[in-house]
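A look at the structure
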Amino acid sequence: MIHLEGISKSYKIAKRSSGLRQAAKALFYREHTTINALKDISFSIKQGEIVGYIGPNGAGKSTTIKIMSGILVPDTGKCTIMGYTPWKDRTQYVKNIGVVFGQRSQLWWDVPVIDSFELLKDIYKVPQQEYKSTIDLLIETLELQEIVQSPVRQLSLGQRMRCEIAASLIHNPKIIFLDEPTIGLDAVSKIAVRQFIKTINKEKGVTVILTTHDMNDIEALADRVILIGKGTLLYDGNLEELRKQFGTTKIITADYAKNTDPIQIPGTAALSWTPERIVLSIDTERVKPSEVITHLSNKVELLDVTIETKPIEDIIVQLYKEYQI
Amino acid sequence: MKLYFKYLSIHFKSQMQYRTSFWLLSIGQFFIPFSIFVGLYFLFERFGQIKGWQFFEVALCFAVIHMAFSLSECFARGFDMFSSLVVKGEFDRLLVRPRSTFVQVLGSKFEFTRVGRLLQSVIVLVWALSNLPIEWSTIKAITLALMIVSGVFIFTGIYMLAATMCFWTVQGLEVASIFTDGGREMAQYPLNIYQKWVARFFTYVIPFGTVNYLPLQYILGKGDGNELIHMLTPVLGSLFILPCFLVWQFGVRHYRSTGS
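Calculation criteria
Residues numbered from 1 in each chain as written. Chains lettered and ligands numbered in written order. Predicted model: local features only at pLDDT ≥ 70, side-chain atom pairs only at ≥ 80, totals over all residues. Heavy atoms only, no water. Helix = DSSP H or I, 4+ residues; strand = E, 2+ residues; numbered from the N terminus. Rg over C-alpha atoms; globule rule 2.2 N^0.38 Å. Buried < 20%, exposed > 50% of the residue type's maximum accessible area, 1.4 Å probe, protein only. Contact = heavy atoms within 4.5 Å. Lys, Arg positive; Asp, Glu negative; His and termini not counted. Charge placed at Lys NZ, Arg CZ, Asp CG, Glu CD. Salt bridge = Lys/Arg side-chain N within 4 Å of Asp/Glu carboxyl O. Buried area = accessible area lost by both parts, 1.4 Å probe. Nonpolar A, V, L, I, M, F, W, Y, C, P; charged D, E, K, R; others polar. Core = buried A, V, L, I, M, F, W, Y, C linked by side-chain atoms within 4.5 Å. Expected span 1.5 Å × (residues − 1). Pairing = 2+ DSSP bridges. Axes fitted to C-alpha atoms, helices over the stretch in contact; angles between N-to-C directions. Polar contact = N/O pair within 3.5 Å; in protein donor to acceptor, adjacent residues only side chain to side chain. UniProt positions renumbered as here; feature names shortened; annotations may be inferred. Patch = residues over 30% accessible without salt bridge, like charges linked within 9 Å, V, L, I, M, F, W, Y side chains within 5 Å. Areas by Shrake-Rupley, 256 points an atom, 1.4 Å probe, with all protein chains shown as cover.

1. With respect to the overall build of chain A
- If you tally the helices and strands in chain A, you get eleven helices and 13 strands.
- Since a compact globule built from 325 residues should have a radius of gyration of about 20 Å, the 25 Å found for chain A marks it as more spread out than a globular shape.
- Here chain A, with 325 residues, has 51% of them falling under the buried criterion.
- A separation threshold of at least 6 residues defines the contact pool for chain A, and within that pool the share at least 24 residues apart is 69%.
- The distance from the centre of the 40 positive side-chain charges to the centre of the 39 negative ones in chain A is 9 Å.

Okay, here's the thing in structure tokens:
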């Protein structure tokens, strides 16, 4: 359904230098530096997938989304989405996609939300009947009944984001691009948004491409992650693989009756230690958690033990380090 | 076109959320050209006429250009304010919608408070017309309407050129107001009172002359026999928007390949 092959894109950025003299010089002559935003990116996405597209700031995520949504033309490479080349058949193609930019609104600020929806209906030329059934469904599942009559400026961020997502689905797109859909939302709104994304993916088979910095989004939604850094593709595969590959560390926290002898267990590293509690980081490839606990119980009188998997967040940080991005 | 009216109505609804500010701004807009017009009045009070043009004839010039200006500021404001659209990244949003950028930019903003300015110029127009001994015919009435239309097209064209520049730089856009505000100030008088080169510039490069000076010669019967040409000048002037449109398209293409 989505097919990218060897996409590259570079920007020319005017060099800015400090100093009055340099600024005056820049009026007439400017040096440019070329920044390779994307280098030879290729991947395919099948219909009905939810793909998490991740990478640190400035990695090229937005550029890729902009290319895939037909805003930008890449320097080289092929991109076919549903049989269209996005930047060539722009008006035909964009009827099939929905785009949510988390940081920018597509709703009209001073009018009731429902008026924005009506205008979008006209922009996308959605037939009245189809519009009616879609909007009823959206209002119901996103629980917008109480807010569609209020102007956007009176909505909270969470309410607004729900409306934004509804707005991008009015024309029943086959693909939806979500650029940081949960940015700045509280926990409840985040969960509502995630739940909804899952629902439309399951029930309507909408393909979802999601960029985010919140790894919980990825964990809750995406079966597949694509990691990009400094414009190159670093990892493409499912989340479990990633976890297996990099998430072999577990954290064991043990509380025990007062014991002042230092504890040393092979294959572990103590993250913190007090006479009542120790936090150990263990490498499951070298030592099993059960062995560690046995070891501990031999030495001290255990009161409580918890085992945690290293959060995905840390795995990503580790990945960024590993790839030096 | 239908979509344009939908945009119009949603913006009108937004504007009506701020009624007081709407009325205050509209009244303000009424008095800006009013003060200029008072100046014009006293000028003629003192000198009687300029290069064979009487007060009411010049008032007609004034009314037509100000009418065109206020209409285009109201309805083509989207292009006038385009830089903010680019700066905020809102233009990307327009590109992911299945409509032409032209109609979407046009629909991105309206400035209804220009109704004050429009009203002022309508009053001047009516006053001038009722004091001029014109033998009216259908064609003359059509010509008068076309004069205003061509003015709107020319102002819109200049806004589009300025908007296109935003794709390269968002600084230094004041250049454009030399041509819009400046052009309006110049063209409120008949062009023949100026130096030859000024008159030529505003006839052949930015054809403000076709909005009032040239066709008025036909309407007022000042022409030297070329009635048909003078009559058609507003139509020719309107063509100014075509190259502007092409330049705009070029700008959009540039934006999409650089993304800056």
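Having seen the model, we can carry on.
2. What about the pattern of salt bridges?
- Applying the stated rule across the entire model yields 20 salt bridges over all chains.
- Here B:Lys6 and A:Asp122 are joined by a salt bridge, their closest N and O atoms 3.5 Å apart. A residue pair is termed interchain when its members come from two chains, as with B:Lys6 in helix H1 (residues 2-15) and A:Asp122 in helix H4 (residues 113-123).
- Among the residues examined, B:Lys6 registers a relative accessible area of 31% and is labelled partly exposed.
- When its relative accessible area of 13% is taken as the criterion, A:Asp122 is described as buried.
- With its nearest N and O atoms 2.9 Å apart, the salt bridge here joins A:Arg277 to A:Asp255. Taken together, the residues A:Arg277 in strand E12 (residues 277-283) and A:Asp255 in strand E10 (residues 249-256) connect sequence positions 22 residues apart.

3. A closer look at the interface of chain B and chain A
- Contacts between the two partners involve 28 residues from chain B, matched on the other side by 32 residues from chain A.
- Here chain B meets chain A over a buried area of about 2,800 Å², counting both sides, of which 52% is carbon and sulfur.
- By the criterion of area lost to chain A, the three top residues of chain B are B:Arg93, B:Pro98 and B:Arg256, representing 25% of everything that side buries.
- Between chain B and chain A we count four salt bridges in total.
- Counting residues per element, the ones that place at least two in the side of chain B that touches chain A are H1, helix H6 (90-95) and helix H14 (241-258) of chain B.
- No other element matches the eight residues that H1(B) contributes to the side of chain B that touches chain A.
- When its residues are assigned to classes, the side of chain B that touches chain A shows nine nonpolar, nine polar and ten charged.

4. Digging into the nonpolar core
- Formed by 162 residues in total, the largest nonpolar core has its most connected members in A:Phe117, B:Phe82, B:Phe91, B:Phe208 and B:Trp248.
- Broken down by element, the residue count for this core peaks at 13 residues, all from helix H3 (residues 55-75) of chain B.
- Setting aside its immediate chain neighbours within four residues, B:Phe91 contacts B:Phe82, B:Leu85, B:Thr101, B:Val105, B:Phe167, B:Trp248, B:Val252 and B:Tyr255.
- Membership of the second largest hydrophobic core comes to twelve residues, among which are A:Ala254, A:Ile278, A:Leu280 and A:Val292.

5. Re helix H2 (residues 19-47) of chain B
All names here are of chain B.
- In this model, H2 (29 residues) spans 43 Å end to end at C-alpha, consistent with the 42 Å of a helix rising 1.5 Å per residue.
- Among the residues making up H2, those that are buried are Phe22, Ser26, Gln29, Phe30, Pro33, Phe37, Leu40 and Phe44.
- Residues of H2 that are buried sit in contact with H1, H3 and helix H8 (115-130).

6. Comments concerning the sheet that holds strand E9 (residues 232-238) of chain A
Residues and elements named next belong to chain A.
- Spatially, six strands are ordered E5-E6-E7-E3-E8-E9 in an open sheet, and the strand pairing comes out mixed. One side of each edge strand has no neighbouring strand; the edge strands of this open sheet are strand E5 (97-101) and E9. Each neighbouring strand pair of the sheet contributes to a mean axis angle of 15 degrees, computed without reference to strand direction.
- Summarising the sheet, strand E6 (residues 175-179) and strand E7 (residues 207-211) pair through five bridges and their orientation is parallel. Along E7, the bridge assignment pairs Leu178 with Leu210.
- Sitting on the sheet, helix H9 (residues 239-246) touches strand E8 (224-229) and E9, and the angle it makes with E9 is about 105 degrees.

7. Description of the pairing of strand E3 (residues 50-54) of chain A
All names here are of chain A.
- Counting buried positions along E3 yields five of five residues, so the element is predominantly enclosed.
- Alternating residues of E3 divide into Ile50, Gly52 and Ile54 and Val51 and Tyr53, and every residue in both groups is buried.
- Note: E3 against E7, four bridges, orientation parallel. Residue pairing for E7: Ile50 is matched across the bridge by Val208.
- With four bridges joining them, E3 and E8 adopt parallel strand pairing. When the sheet's bridge partners are listed, Val51 is paired in E8 with Arg224.

8. Quick notes on helix H7 (residues 187-204) of chain A
Residues and elements named next belong to chain A.
- Along its 18 residues, H7 runs 26 Å from first to last C-alpha, staying within 8% of the 26 Å computed at 1.5 Å per residue.
- Looking at the buried side of H7, the elements it contacts are E3, helix H5 (128-141), helix H6 (157-167), E6, E7 and helix H8 (215-221).
- Between the side-chain oxygen at the start of H7 and the backbone nitrogen of Val188 there is a gap of 3.1 Å, and the oxygen is on Asp186.

9. A word on the UniProt feature "transmembrane region" (unreviewed entry) in chain B
All names here are of chain B.
- Within this numbering scheme, the UniProt entry marks residues 21-43, 55-76, 118-136, 142-162, 197-216 and 228-248 as carrying the feature "transmembrane region" (unreviewed entry).
- Taken as a whole, residues 21-43 contains 100% helix and 0% strand, while its terminal C-alpha atoms sit 34 Å from one another.
- Secondary structure content for residues 55-76 is 95% helix and 0% strand, and the end C-alpha separation is 31 Å.

10. Some thoughts on a nonpolar patch on the surface
Residues and elements named next belong to chain B.
- On the surface, a cluster of nonpolar side chains totalling about 430 Å² of accessible area is made up of Trp23, Ile27, Phe31 and Phe34.
- Counting through the fold element by element, Trp23 comes out in helix H2.
- Among the residues examined, Trp23 registers a relative accessible area of 54% and is labelled exposed.

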